[in-house]
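For reference, the chains in residue letters:
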Amino acid sequence: MDALIRGIIVTAAAIVPRKARRERYLEQWLADGEGAAELEISSLSVALGAVKAAVAMNLTRRSAVALGLAAVLVIGGIRLTMITSDWMPGAAIAMAGVALPFLLLIIRRFTERDTLGDWEDALAARQARLSKQAPPDTELDRKRLFALVLGAVLVTVAALLYIMFG
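Bear in mind the structure is a predicted one, so any value in this text is a computation, not a measurement.

Asker: Where do I start with the overall build of the protein chain in this structure?
Answerer: A tally of helices and strands in the protein chain yields seven helices and zero strands. Reading the secondary structure of the protein chain in the N-to-C direction produces α-α-α-α-α-α-α. Expressed as a percentage of the 166 residues in the protein chain, the buried residues total 22%. Intrachain contacts of the protein chain at a sequence separation of at least 6 include 62% that bridge at least 24 residues. Of the roughly 11600 Å² of accessible surface on the protein chain, 67% is carried by carbon and sulfur atoms.

Structure representation (structure tokens):
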């Protein structure tokens, strides 16, 4: 298994919800990638299957609206590209539609609270509730989320400015 396949599998495992599940799936998918040649299966197909499974694990009822919006952006962007002489605005809209689900996965990954599979986090959260103080990593989580959202807003503004004036 080469570094690219390993990177795809590690990335797929990174977006799996809950820390205990992430570690379990990472170990399993890496073993599957290593043993793929024995079964005459491409390790790339194992890696892409891991990505597909990780994305499916993150789909919930709350993500239906975002996925619908992403589909509208992609289809609308492609249509705009086909009917106008300038293809850049349509391509930018379609790319925004492709990027939206991944952005939501990243935001969900950094805002989730691991409690079911992580007894240490559950214990720390319980102790913080008992002492009526915020957990020590709450501020770090807020900073990460702020940085992610700010980055997404800046990229969106840059894309819109490029579409309008580029």
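Asker: Just to check I follow, could you spell out the packing of aromatic side chains for this structure?
Answerer: Each aromatic ring pair is characterised by the separation of its centres together with the angle its planes make. In total, this model carries one aromatic pair according to the counting rule given. Judged by centre distance (5.1 Å) and plane angle (40°), the rings of Tyr 25 and Trp 29 are tilted. Here Tyr 25 pairs with Trp 29, and both are found in helix H2 (residues 19-35), just four residues apart, close to one helical turn. Classification of Tyr 25 as partly exposed rests on a relative accessible area of 21%. By relative accessible area, Trp 29 is classed as buried at 8%.

Asker: What is the right way to read a nonpolar patch on the surface from this model?
Answerer: Where nonpolar side chains cluster on the molecular surface, the patch consists of Val 149, Val 153, Val 157, Leu 161, Met 164 and Phe 165 and spans about 590 Å² of accessible area. Relative to the elements of secondary structure, Val 149 occurs in helix H7 (residues 138-165).

Criteria and cut-off values
Residues numbered from 1 in each chain as written. Predicted model: local features only at pLDDT ≥ 70, side-chain atom pairs only at ≥ 80, totals over all residues. Heavy atoms only, no water. Helix = DSSP H or I, 4+ residues; strand = E, 2+ residues; numbered from the N terminus. Buried < 20%, exposed > 50% of the residue type's maximum accessible area, 1.4 Å probe, protein only. Contact = heavy atoms within 4.5 Å. Areas by Shrake-Rupley, 256 points an atom, 1.4 Å probe, with all protein chains shown as cover. Phe/Tyr/Trp six-rings, centres within 6.5 Å; stacked < 30°, edge-to-face > 60°. Patch = residues over 30% accessible without salt bridge, like charges linked within 9 Å, V, L, I, M, F, W, Y side chains within 5 Å. Salt bridge = Lys/Arg side-chain N within 4 Å of Asp/Glu carboxyl O.

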